[in-house]
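# Structural features, examined
The residues making up each chain are set out below.
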Amino acid sequence: QVQLVESGGGLVQPGGSLRLSCTASGTIFSIYAMGWYRQAPGKQRASVAAITLCGKTNYTDLVKGRFTISRDNPKNTAYLDMNSLKVEDTAVYYCYVDWISSPISQGVITWGQGTQVTVSS
């Protein structure tokens, strides 16, 4: 089993910054990718950013140039630095990890509990 612990959400004014972190623990052989989705009230969950084991990143166009995802592989931790936040970034942010428990096992995706990010003046 793998558990994810998220932190870093909160209330910030437009133009402000926040940093989310996500740490995975458990019987992990390797983590292929980590990332975040977000879900705003009344909307579907949507991808925000992801990073692979080798550091390849991708972002939704809505956050490119404002958000940066990074990863500390030895710590099984990913970070999402969010700058120039907008009201429309308000959502619950869910971390996920795509991992395997052995070299021959299939990948499993585990989700975090979610953290609220509110951008408001």
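Everything in this summary refers to the structure shown in the same document. All of these numbers come straight from a predicted model, not from anything done at the bench.

## Details of the packing of aromatic side chains
Geometry of an aromatic ring pair is reported as the spacing of the ring centres plus the angle between the planes. Summed over the entire model, instances satisfying the criterion amount to three aromatic pairs. Seen from their ring centres, Tyr37 and Tyr96 are 5.6 Å apart, and the 75 degrees between their planes marks the pair as edge-to-face. Of the two residues, Tyr37 sits in strand 4 (residues 30-39) while Tyr96 sits in strand 9 (residues 91-100), which places them 59 residues apart along the sequence. Classification of Tyr37 as partly exposed rests on a relative accessible area of 27%. A centroid spacing of 5.5 Å and a plane angle of 50 degrees characterise the contact between Tyr96 and Trp111, whose relative ring orientation is tilted. On the criterion of sequence distance, the pair formed by Tyr96 in strand 9 and Trp111 in strand 10 (residues 108-111) is long-range, its members being 15 residues apart. Exposure remark for Tyr96: the relative accessible area of 11% places this residue in the buried category. Residue classification places Trp111 among the partly exposed positions, given a relative accessible area of 36%. For Arg45, the ring lying beneath its charged end belongs to Tyr94, and the centroid distance is 3.7 Å. Cation over ring: Arg45 sits above Trp111, and NZ or CZ is 4.9 Å from the ring centre.

## Digging into the layout of surface pockets
The probe, sized like a water molecule, is rolled over the atoms to show the empty space still left. Its volume calculated, the largest pocket comes out at about 280 Å³. Arg38, Ala40, Lys43, Leu62 and Glu88 are the residues nearest the centre of the largest pocket, which is lined by 15 residues in total. Looking at the lining of the largest pocket, the elements that each hand over two or more residues are strand 4 and strand 5 (46-52). Partitioned by chemical class, the residues of the lining of the largest pocket number four nonpolar, five polar and six charged.

Parameters at a glance
Residues numbered from 1 in each chain as written. Predicted model: local features only at pLDDT ≥ 70, side-chain atom pairs only at ≥ 80, totals over all residues. Heavy atoms only, no water. Phe/Tyr/Trp six-rings, centres within 6.5 Å; stacked < 30°, edge-to-face > 60°. Helix = DSSP H or I, 4+ residues; strand = E, 2+ residues; numbered from the N terminus. Buried < 20%, exposed > 50% of the residue type's maximum accessible area, 1.4 Å probe, protein only. Lys NZ or Arg CZ within 6 Å of the ring centre and 35° of its normal. 1 Å grid on protein atoms, 1.4 Å probe; cavity = no way out; pocket = protein on both sides within 12 Å on 5 of 7 lines; lining within 4 Å. Points joined across faces, edges and corners; volume = space filled by probe spheres on them. Nonpolar A, V, L, I, M, F, W, Y, C, P; charged D, E, K, R; others polar.

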